[in-house]
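# Geometric and topological summary
What follows is the residue order along each chain.
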Amino acid sequence: MDFRFTDEQEMLRDGVGKFLEKSYDFDTRQKLVRSDDPWSASAWEQFAEFGLLALPFSEERGGLGGSVTDCVAFAELFGKHLVVEPYASAILLAGAALAEADGDAAAAWLEKAMSGEAVVAFAYEEGRGTAARDLISMVATPSGDGFTLSGEKRLVHAGAEAAAIVVVARKGEGGPLGFFLVEAGTKGCDTRQYTTVDGRSAANIRFDGTPAEELVGAADAMDAILAKAVIVQCAEAVGAMGALVSITADYAMTRKQFGVPIATFQAVAHRLADMKIAYTKARATLIYTTALAESGQAGPRDLAILKGQTGKLGKAVGEAAIQTHGGVGMTDELSVSHYHKRLLACDAQFGDHSYHLRRVGQG
Amino acid sequence: MNIDFAPELEAFRAEVAEFFATAPTPAIREAGRKTTSVFAPFKECQEWHRILFEKGWVAPHWPEEYGGTGWSVEQRFIFAEEYRKADLPPLLPQSLGMVGPLLIDIGTQEQKERYLPGILNGDDFWAQGYSEPNSGSDLASLSCRAVPDGDDYIINGSKIWTTYAHHANRMFLLVRTSTEGKKQQGITFLLLDRVDYPGMEIRPIIGLDGCPEQCEVFFEDCRVPQSGRVGAENDGWSVAKHLLKHERGGGNAASPTLMRYCERARQAAAETLSPFGGTLADDPVFQRDMGELEADIASLAHFEKLAISGHEIANDPAFPSMNKTMNSELVQRASTMMAELSGVDGMARQLEALRVGSNVEPLGSEFDLISMPLYLNSRATTIYAGSNEVQRDLIARTVGS
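What comes next is a walk through the structure. Predicted model, so just to flag it, every value in this text is computed and none were measured.

With that settled, consider the overall build of chain B. Within chain B, the regular secondary structure consists of 13 helices and 8 strands. For a compact globule of 401 residues, the expected C-alpha radius of gyration is about 21 Å, and chain B comes in at 22 Å, within 12% of that figure. If one aligns the C-alpha atoms of chain B with their principal axes, the spans along those axes are about 75 × 50 × 50 Å. In chain B, which comprises 401 residues, the share counted as buried stands at 55%.

Written out as structure tokens, the structure is:
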């Protein structure tokens, strides 16, 4: 057994970490979130230079053949810096579906995604939430050589900016799930763009007889694609939790009330201890599940434990951080509230902790 | 990363599992199933101790030269995992887990020769005399007094929560030898090679669960030899701190026991009708509660696995305290779930049926028999070995960038 990152993974962490420390401090990040730009084009370029955009794809596909552990290694840092770039949706989800598909169109879009030339969005969530995949109701109806999509997708990260969108829909009424590709500007797309509570650009997209092309061959890999994205998203959440624990402890050591640092009050000290325990638990489960996934042994229950624990513990850590900071914890100015909102966002996607923990309890 | 144990370790696992499947007597197995505490039924526990001693497996964590097995950390973990999975009575920690390692580390040659063999073969059973009335987790406040007199100390005072002292033939304890300076600096660590010194009296305390597990020990002008002192006079605090590392340290795989509790709870839930129809196992609230518990136990298991593999998580100065806190609170949560599942069937006081070898049929299932005593006894897990409040104080000091 060995749960450490390799030297190469540590080097990658080191490089990405240094870049983010320098160019993605909280103030810079806040300026970006408040600007008209959906994310930082220069950060995205830098991610491409680090090889992150090509990392998860096989060498035959022009990628770097990276493992899920490689992604986890830097994703903790994405969480620590509250990165708003659409890495998970464009690379781990849409990119992965393209990489699994046959045909020249998929290959061409993948190449553009890997180089950073284009962003491809991923449309998955629906109105009732998609905790259970059975709830996905959007149907792709056969039409001529291709399909037409009808229905609405929610929380499509980078949905308004993407050059193309990978949509998860049923192949015919009541049919199996598949991936479908829609190019931006195709008729019958009504896109409503918004900024999420955690500062990312997203959109709800209504499709109305929108022509789409099936990504043939990709659907078989759907479980694996979603599993990997969930693990990496949990890594982001764990990174955010770690940052919250240390920010909150530092604050409690310096903030004085009644003439002494509030960290000396046992009620506060014990909350800090509980935050550290929660973070440690979530991180142990993240690392262990990552190792399981790398060896092909992570089953649905392992993933449910990870997603459930990260969601529940992350929310608890965020709420404890706000309470410890008191009034200033309630402000937009402080990073604390933003970490908490990122944790909420990680919990909400792909089924929240209530759903996953009940799945665990079902045995 | 690599999740798997090396193939030779899996062979070792099979060897251990085979021994656990064949070596214990029926009474030892029954004692394992009826263990409703950290402390297993005494008689069967000591029988099992002897069997393990004869196999050479009684002290895997001891250095080989003193009777340890010479196993790697992974082997010890696998041994502990299989042990818990087989539902065998855990060995009592005071002798092999506490005073033994302490003597190996800092005892005199004479003390080692005199005491280690009896600890190893199970002839001797040591009680731990730390706590005092009104002292609790603040050990520095202890006041049981020892005054030098010739080659002896004369002890006056009392000890409490002295687990199984009524079964013990030896005892290690902390006594106050000075009231000068800092409270921590006037404490001395003593070994008593008998527990029937004149002026010494042991009285069992009946616990919440109805069982005598803890004792009070009274000393009145009790004369004991100074040769039992470990370390220097007034330096007992550092000796005790050293011992604490053994008491709170990790590597003993608590999660398999917790998983066994969950298995039993699941089985009970599948056999219990829900007032809302179907069985409790189908009930969404049960599923959610069970899922939260099992997911938390999984996280503890992950934490333990990372720790034995040498991951940085084990180097955290808060590791022992986090381990103790998680583990003890999960024991309470699991036993709470068990007692709630038993419901009215857990309400019968069945001390006689709980005894190993009893002819008395339990009123309900064996699950119902043990769930309430386990729940009641496990209220102690967050109190002993430094209360969880004390652990959280220690953890809090390590938080920060």
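The subject of this paragraph is the interface of chain B and chain A. Bring the parts together and some accessible area is lost; that lost area is often taken as the interface size. Counting from both sides, the interface comprises 40 residues of chain B and, opposite them, 44 residues of chain A. For the chain B and chain A pair, buried surface summed over both sides reaches about 4,100 Å², with 61% attributable to carbon and sulfur atoms. Considering only the surface of chain B that becomes buried against chain A, B:Met1, B:Ile3 and B:Val399 emerge as the three largest contributors, covering 22% of it. In this assembly, chain B and chain A are joined by 6 salt bridges. A:Lys281 is paired through a salt bridge with B:Asp296; the nearest N and O atoms lie 3.2 Å apart. At the junction of chain B and chain A, the tally comes to 23 residue pairs in polar contact (both at pLDDT 80 or more). In terms of residue count, helix H9 (residues 284-308) of chain B provides more of the side of chain B that touches chain A than any other element does, 16 residues in total. By residue class, the composition of the side of chain B that touches chain A is 17 nonpolar, 11 polar and 12 charged.

The method is simple in principle: a probe with the dimensions of a water molecule rolls over the atoms, and the space it marks as empty is what remains. Residues and elements named next belong to chain A. Applying the stated criterion to the full structure yields 3 cavities of 30 Å³ or more. The computed volume of the largest cavity comes to approximately 240 Å³. Every residue lining the largest cavity is counted, 23 residues in all, and those nearest its centre are Ala 88, Ser 89, His 157, Arg 200 and Gln 349. Taken together, the elements giving at least two residues each to the lining of the largest cavity come down to helix H5 (87-100), strand S3 (146-157), helix H7 (222-254) and helix H10 (335-348). Ranked by the residues each element gives to the lining of the largest cavity, the list is headed by H5, at 4 residues. When its residues are assigned to classes, the lining of the largest cavity shows 13 nonpolar, 5 polar and 5 charged. Roughly 60 Å³ of internal volume is contained in the second largest cavity.

Residues and elements named next belong to chain B. By the secondary structure assignment, Pro 275 is in the loop between helix H8 (255-270) and H9. For Pro 275, a relative accessible area of 74% puts it in the exposed group. Separated by 260 residues in the primary sequence, Pro 275 and Glu 15 have C-alpha atoms spaced 46 Å apart.

Attention now goes to the pattern of salt bridges. Taken as a whole and assessed by the stated rule, the structure comprises 46 salt bridges over all chains. A salt bridge links B:Glu294 to A:Arg301; the shortest N-O distance between them is 2.7 Å. A residue pair is termed interchain when its members come from two chains, as with B:Glu294 in helix H9 and A:Arg301 in helix H9 (residues 300-325). B:Glu294 sits in the buried class, given a relative accessible area of 12%. Taking the shortest distance from any N to any O, the salt bridge between B:Glu352 and B:Arg355 comes out at 2.6 Å. On the basis of relative accessibility, which here comes to 44%, the residue B:Arg355 falls in the partly exposed class.

Here we come to H10(A). Think of an α-helix as 3.6 residues a turn; residues three or four steps apart then line up on the same face. All names here are of chain A. For H10, spanning 14 residues, the distance from its first C-alpha to its last is 20 Å, which sits close to the expected 20 Å at 1.5 Å a residue. For H10, every residue scored as buried is listed here: Ser 335, Val 336, Ser 337, His 338, Tyr 339, His 340, Arg 342, Leu 343, Ala 345, Cys 346 and Asp 347. The inward-facing, buried residues of H10 contact helix H2 (26-34), helix H4 (68-80), H7, H9 and helix H11 (353-362). The positive-phi residue at the C-terminal boundary of H10 is Phe 350, with phi of around 60°.

It is worth spelling out unusual backbone geometry at this point. Unlike most non-glycine residues, A:Phe350 shows phi in positive territory, near 60°. With respect to the helices and strands, A:Phe350 occurs in the loop between H10 and H11. Positive phi values are uncommon outside glycine, yet B:Trp161 reaches one of about 60°. Within the element layout of this structure, B:Trp161 appears in the loop between strand S3 (152-160) and strand S4 (170-176).

Bringing the pairing of strand S4 (residues 164-171) of chain A into the picture now. Residue and element names in this part refer to chain A. Counting buried positions along S4 gives 7 out of 8 residues, so the element sits mostly inside the fold. Examined bridge by bridge, S4 and strand S5 (residues 177-183) share 7 bridges and lie antiparallel to one another. Among the inter-strand pairings, Ala 164 is bridged to a residue of S5, identified as Glu 183. Between the antiparallel neighbours S4 and S5 lie 5 residues, among them Gly 172 with a positive phi of about 80°.

Residues and elements named next belong to chain B. The end-to-end C-alpha distance of H9, which contains 25 residues, comes to 36 Å, matching closely the 36 Å that a straight helix rising 1.5 Å per residue would cover. The N-capping residue of H9, defined by a side-chain oxygen 2.9 Å from the backbone nitrogen of Val 285, is Asp 283. Two residues or fewer after H9 comes Gly 310, characterised by a positive phi angle close to 85°.

Enumeration over the complete set of coordinates arrives at 33 aromatic pairs over all chains. Measuring from ring centre to ring centre gives 6.2 Å for A:Phe122 and A:Phe179, while their planes differ by 50°; the resulting arrangement is tilted. Here A:Phe179 lies in strand S5 and A:Phe122 lies in strand S1 (residues 120-123), a separation of 57 residues in the sequence. Both residues of the pair, A:Phe122 and A:Phe179, count as buried. Summarising the aromatic geometry, the rings of B:Phe172 and B:Phe189 are spaced 5.8 Å apart at their centres and angled 15° between planes, so their arrangement reads as stacked. Linking B:Phe172 in strand S4 with B:Phe189 in strand S5 (residues 187-192), this pair joins segments that are 17 residues apart in sequence. The class for B:Phe189 is buried, based on a relative accessible area of 0%.

The next subject is the packing of H7(A) against helix H8 (residues 266-294) of chain A. Residue and element names in this part refer to chain A. Between H7 and H8, the shortest axis-to-axis distance is 10 Å and the interhelical angle comes to 160°. Classified by the interaxial angle, the pair formed by H7 and H8 is roughly antiparallel. Considering only the axes of H7 and H8, their crossing is left-handed. Each of Ile 231, Cys 234, Ala 235, Val 238, Met 241, Gly 242, Leu 244, Val 245, Thr 248, Ala 249 and Ala 252 in H7 lies in contact with H8, whose residues at this interface are Val 268, Leu 272, Met 275, Lys 276, Ala 278, Tyr 279, Ala 282, Arg 283, Leu 286, Thr 289, Thr 290 and Ala 293. Residue classes in the contact of H7 with H8 are distributed as 17 nonpolar, 4 polar and 2 charged.

Moving on to the packing of H9(A) against H9(B). Where H9(A) contacts H9(B), the two axes come as close as 10 Å, and the packing angle between them is 95°. Between H9(A) and H9(B), the angle falls in the class roughly perpendicular. Contacts between H9(A) and H9(B) involve A:Arg301, A:Ile305, A:Gln309 and A:Lys312 on the former and, on the latter, B:Glu292, B:Glu294, B:Ala295, B:Asp296, B:Ala298, B:Ser299 and B:His302. Class assignment for the residues of the contact of H9(A) with H9(B) results in 3 nonpolar, 3 polar and 5 charged.

Residue and element names in this part refer to chain A. With respect to the helices and strands, the residue Glu 214 is situated in strand S7 (residues 201-214). At 3.2 Å, the side chain of Glu 214 forms a polar contact with the side chain of Lys 171. The contact partners of Glu 214, leaving out residues within four places of it in the chain, are Phe 147, Lys 171, Phe 179 and Phe 180.

Glancing now at the environment of A:Met241. Residues and elements named next belong to chain A. Position of Met 241 among the secondary structure elements: in helix H7. A residue is classified by how much of its surface remains accessible, and Met 241, at 0% relative accessible area, is buried. For Met 241 and Ala 43, which are 198 residues apart along the polypeptide, the C-alpha to C-alpha distance reads 23 Å.

How each quantity is defined
Residues numbered from 1 in each chain as written. Chains lettered and ligands numbered in written order. Predicted model: local features only at pLDDT ≥ 70, side-chain atom pairs only at ≥ 80, totals over all residues. Heavy atoms only, no water. Helix = DSSP H or I, 4+ residues; strand = E, 2+ residues; numbered from the N terminus. Rg over C-alpha atoms; globule rule 2.2 N^0.38 Å. Buried < 20%, exposed > 50% of the residue type's maximum accessible area, 1.4 Å probe, protein only. Contact = heavy atoms within 4.5 Å. Buried area = accessible area lost by both parts, 1.4 Å probe. Salt bridge = Lys/Arg side-chain N within 4 Å of Asp/Glu carboxyl O. Polar contact = N/O pair within 3.5 Å; in protein donor to acceptor, adjacent residues only side chain to side chain. Nonpolar A, V, L, I, M, F, W, Y, C, P; charged D, E, K, R; others polar. 1 Å grid on protein atoms, 1.4 Å probe; cavity = no way out; pocket = protein on both sides within 12 Å on 5 of 7 lines; lining within 4 Å. Points joined across faces, edges and corners; volume = space filled by probe spheres on them. Expected span 1.5 Å × (residues − 1). Pairing = 2+ DSSP bridges. Phe/Tyr/Trp six-rings, centres within 6.5 Å; stacked < 30°, edge-to-face > 60°. Axes fitted to C-alpha atoms, helices over the stretch in contact; angles between N-to-C directions. Parallel < 35°, antiparallel > 145°, perpendicular 65-115°, else oblique. Left-handed = near helix turned anticlockwise from the far one by under 90°.

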